[in-house]
Amino acid sequence: MPVLENRAAIVTGASRGIGKAIAAAFAREGAAVVICGRKLDTLQQAASEIAGTVLPVACHVGRKEDIQRLVEITNREFGKVDILVNNAATNIAQEPVLQVDETKFDKMVEINLKSAFRLIQAVAPGMCERGSGSIINIVSISGLRPQYQGMLYSMTKAALIMMTKSYAQELGPKGIRVNAIAPGLIQTALSEYYWNDSARLEHTLEKQPIRHLGQPEEIAEMALLLAGEGASYITGQTMVVDGGRMNPIDFL
Ligand SMILES: NC(=O)c1ccc[n+]([C@@H]2O[C@H](COP(=O)([O-])OP(=O)(O)OC[C@H]3O[C@@H](n4cnc5c(N)ncnc54)[C@H](OP(=O)(O)O)[C@@H]3O)[C@@H](O)[C@H]2O)c1
């Protein structure tokens, strides 16, 4: 039997990259999946490339009214939300700390952090009523140690890790598991700078125990595990999926 049969899921930021791979894995395992992003045409294209039940809904996760609409549509179409994946994020402030301004600070918090809070607040009451649910926040190894010239990105991901633990503690007794996945370098549009130059990539992979460039599907497999009953005893955790990058080969 498919492991997510009869489940309804929301995956944010799923028109490409990691979110799209997660949506495809969930749909493959029987879930009805609502995918969101800002642009309906790219979402429709993504949905057409995924086998299974996939509903594209345009939603800017930084906007409260868009989030309400996303949850309303999911409830109307599929009757519930069993699985929520907070995946959409941005990195608009890749610069020295002293150049970071307040506008970027607020925007990064709004999109990378507050969106997850708003979505969890919107779907968790229904999960509590049914006594089950799985929430997965996509963070980053940059939330475990600072990304050079990426303070806002690291800061929002670190805060999301703590949000994950806090929700896990309070919602666990109600049957809801809340976990995070911290990817290392994965080949997507977001991380293009780090892999599109072969010399830079080679330098990055030199110290990584698993030598290949991570693929979105390798994150999706972890999301699938956390979404299903195979992870029934796991909550509050941050699963690092990074090819060993946080445990580098270092000959001193
Ligand atoms: N790639 C990596 O190496 C890496 C490493 C660690 C963590 N991560 C994390 O993994 C997650 C996915 O990243 P990715 O690499 O797959 O990125 P990506 O390829 O750039 O995809 C981002 C997705 O999010 C959507 N999105 C962006 N801003 C949005 C907004 N305001 N509202 C709704 N949707 C929005 C995009 O669609 P639209 O542009 O159409 O809105 C797109 O579907 C992020 O949380 C990221 O921080 C990635």
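Residues numbered from 1 in each chain as written. Predicted model: local features only at pLDDT ≥ 70, side-chain atom pairs only at ≥ 80, totals over all residues.

> Can you tell me about the nonpolar core, naming the residues and giving the values?
Ile22, Ala23, Phe26, Val33, Ile35 and Ala223 are the most contacted members of the largest nonpolar core, which totals 73 residues. With 10 residues, the single largest contributor to this core is helix H4 (residues 102–130). Each residue touching Ile35, except ones within four places of it in the same chain, is listed here: Val11, Ala14, Ser15, Ala23, Leu43, Ala46, Ala47, Val54 and Pro56. (Core = buried A, V, L, I, M, F, W, Y, C linked by C-beta atoms within 7 Å. Buried ≥ 20, exposed ≤ 12 C-beta atoms within 10 Å, placed from the backbone. Helix = DSSP H or I, 4+ residues; strand = E, 2+ residues; numbered from the N terminus. Contact = placed C-beta atoms within 7 Å.)

> Give a description of unusual backbone geometry that names residues and reports values.
The residue Asn6 is not glycine, and still its phi comes out positive at about 65 degrees. Looking at the secondary structure, you find Asn6 in the segment before strand S1 (8–12). The residue Gln149 is not glycine, and still its phi comes out positive at about 55 degrees. Inspection of the secondary structure assignment puts Gln149 in the loop between strand S5 (133–138) and helix H5 (151–171).

> Provide a residue-level description of the packing of helix H1 (residues 17–28) against helix H8 (residues 216–227), including the pertinent values.
At their nearest, the axes of H1 and H8 sit 8 Å apart, and the two run at 50 degrees to each other. On the basis of the axis angle, H1 is oblique to H8. Read as a crossing pair, H1 and H8 show a hand that is right-handed. Contacts between H1 and H8 pair Gly17, Ile18, Lys20, Ala21, Ile22, Ala24, Ala25 and Phe26 from the former with Pro216, Glu217, Ile219, Ala220, Glu221, Ala223, Leu224 and Ala227 from the latter. Of the residues belonging to the contact of H1 with H8, the class tally is 12 nonpolar, one polar and three charged. (Axes fitted to C-alpha atoms, helices over the stretch in contact; angles between N-to-C directions. Parallel < 35°, antiparallel > 145°, perpendicular 65-115°, else oblique. Left-handed = near helix turned anticlockwise from the far one by under 90°. Nonpolar A, V, L, I, M, F, W, Y, C, P; charged D, E, K, R; others polar.)

> Would you mind going over the site of the ligand in detail, with residue names and values included?
The full set close to the ligand counts 31 residues, and Gly13, Gly17, Arg38, Ala89 and Thr188 are the nearest of them. At the level of secondary structure, the elements contributing two or more residues to the shell around the ligand comprise H1 and strand S2 (32–37). Looking at side-chain class alone, the shell around the ligand contains 14 nonpolar, 14 polar and three charged residues. (Near = placed C-beta within 6 Å.)

> Describe the environment of Ile22, listing the residues and the values that go with them.
Turning to its location among the elements, Ile22 is positioned in helix H1. Since 32 C-beta atoms lie within 10 Å of it, Ile22 is described here as buried. Apart from the residues within four sequence positions on either side, Ile22 is in contact with Val11, Ala14, Val85, Asn87, Ile219, Ala220 and Ala223.

> Residues and numbers for the pairing of strand S7 (residues 238–241), please.
Burial along S7 is one-sided: the face carrying Thr238 and Val240 is buried and the face carrying Met239 and Val241 is not. The pairing of strand S6 (residues 176–183) with S7 spans four bridges and is classified as parallel. Opposite Ala180, over in S7, you have Thr238 as the bridge partner. (Pairing = 2+ DSSP bridges.)

> Break down the packing of H4 against H5 for me, citing the residues and quoting the values.
Close contact between H4 and H5 brings their axes to 9 Å; oriented N to C, the two are set at 15 degrees. Here H4 is positioned roughly parallel relative to H5, judged by the angle of their axes. In this structure, the crossing between H4 and H5 has a hand that is right-handed. For the pair H4 and H5, the contacting residues are Lys104, Phe105, Met108, Val109, Asn112, Leu113, Ala116, Phe117, Ile120 and Ala124 in the first and Leu152, Tyr153, Thr156, Ala159, Leu160, Met163, Tyr167 and Leu171 in the second. Grouping the constituent residues of the contact of H4 with H5 by class yields 15 nonpolar, two polar and one charged.

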